[in-house]
Amino acid sequence: MDQPSEPTDQAFPKTYVKGFHDDEAVKKMKYSNLGNTGMQVSILGFGASPFGGGYHPISEEDAIGSIRTALTKGINYIDTAPWYGNGKSEEMLGKALKDIPREAYYIATKVGRYQQEITKMFDFSEEKVLKGFEESLEKLGLSYVDLIQVHDLEFAPSPELILTETLPAVQKIKESGKAKFIGITGYPVDELKNIYERSTVKIDTILSYCHLTLNDSSLLDHVDYMKDKGVGLINASPLAMGLLTHGGPPVWHPLPQEARQVAANAALYCQEQGINLPKLAVDYTLSQKNIPITLLGMSSISEVHRNLDVLHGDLTDKEKEVREFILEKFFRHAKQKSWEVVEVEKYWRKLKAAQSQTS
Ligand code: NAD
């Protein structure tokens, strides 16, 4: 795999803890600076949304084992949110992190998105932000997080609410010392940039997902912007939330059926060739330059090992050939690559219907 540009130069990152880490694995891991935060993050980060059970049920044993393995092997960044299983991901992490030195990892959680029930899904008010964040800390069993992010801000009733209430509330959390940095997350990168430009609260990181994958590489158009601004770019979901796997995406995946079929055809082709599609997809994303970190959801020790092997290894000639083939035949010229607007419109339709039933 190509060396990403701008790696940090130390053999050991700031999160290295003698006696806890597997020294050889940490030496192999690549770290980069996350914007101007001073955080030296592993280029592969641990996405803990699968701990919420949204992909499939996960045992406590698998959750604890996968986090411990990932951290000892040099992954030093964990992403979670109250939204993932209505607090289950944070609860599992609380159990997993109990016996792990706090200085060995950075952890990020979120505010704004909460429950499956449509009327309780989003709440960007100051009251909920402050209360929800305390609940997150409690579940995680931590006194502080490294990063607190406004979750999926495109679903807010207006950008003004995010700018005048949510971000100032998050700033209060930062001032209390319970979070070190502030971030925003969402799917449409232009909307994230718009909020970033207009915010009077300093935003340190921007997270977007499913935009740097085999089927949609549009995040690359925004990389220079993030670098110029000194904002930490967090890329998430190299498997496009399960789309680029042999089992296919979960039922809640927002991509319309026709576009899902394109990925299913690519998966079938790989299978016929005896090639593992997730390996091609993870390698594709992790090989891109100037991406400080990519969050990959992991749910078992073997998955962690498999992904670390991809990070540290190279594709065979046959794998490279098959990847080029599926890019050209299925993905590059696909009619629909993203679901911008679709999901937000659906949310507002469902919310209005639910509200009209109760009024
Ligand atoms: P992903 O694309 O990382 O895919 C995760 C799925 O792939 C899980 O089911 C996982 O078990 C499986 N998987 C992992 N490695 C595999 C392998 N080698 N072979 C086969 N299957 C494999 O999607 P994701 O987990 O949703 O995204 C990554 C993380 O980014 C999330 O966990 C979350 O922390 C973060 N995220 C944040 C936002 C947001 O803030 N709005 C949105 C999406 C993701």
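The paragraphs below set out a description of the structure included in this document. None of these values were measured; they are calculated from a predicted model.

## Side note on the site of the ligand
And then number 1: Near the ligand there are 29 residues, and of these Ser49, Tyr55, Asp79, Asp152 and Glu303 occur at the shortest range.
And then number 2: Thr185 has a polar side-chain atom sitting 3.1 Å from an oxygen atom of the ligand.
And then number 3: Take Leu239: an N or O atom from its main chain is 2.9 Å from an oxygen atom of the ligand.
And then number 4: If the ligand stood free it would expose 830 Å²; the protein chains cover 93% of that surface.
And then number 5: Going through the elements one at a time, strand E8 (205-209), strand E10 (293-297) and helix H10 (301-312) are the ones with two or more residues in the shell around the ligand.
And then number 6: Its residues placed into classes, the shell around the ligand shows 14 nonpolar, 10 polar and five charged.

## Structural notes on the pattern of salt bridges
And then number 1: Per the stated rule, a full pass over the model turns up 18 salt bridges.
And then number 2: Among the ionic pairs, Lys95 bridges to Glu60, the shortest N-O distance being 3.3 Å. A residue pair is termed long-range when its members are at least 10 positions apart, and Lys95 in helix H3 (residues 88-97) and Glu60 in helix H2 (residues 60-72) qualify at 35 residues.
And then number 3: The class for Lys95 is partly exposed, based on a relative accessible area of 37%.
And then number 4: A salt bridge links Glu117 to Lys120; the shortest N-O distance between them is 3.7 Å.
And then number 5: It is possible to trace a salt-bridge network through shared partners that takes in Glu324, Glu328 and Arg332.

The rules we used
- Residues numbered from 1 in each chain as written.
- Predicted model: local features only at pLDDT ≥ 70, side-chain atom pairs only at ≥ 80, totals over all residues.
- Heavy atoms only, no water.
- Near = heavy atom within 4 Å.
- Polar contact = N/O pair within 3.5 Å; in protein donor to acceptor, adjacent residues only side chain to side chain.
- Areas by Shrake-Rupley, 256 points an atom, 1.4 Å probe, with all protein chains shown as cover.
- Helix = DSSP H or I, 4+ residues; strand = E, 2+ residues; numbered from the N terminus.
- Nonpolar A, V, L, I, M, F, W, Y, C, P; charged D, E, K, R; others polar.
- Salt bridge = Lys/Arg side-chain N within 4 Å of Asp/Glu carboxyl O.
- Buried < 20%, exposed > 50% of the residue type's maximum accessible area, 1.4 Å probe, protein only.

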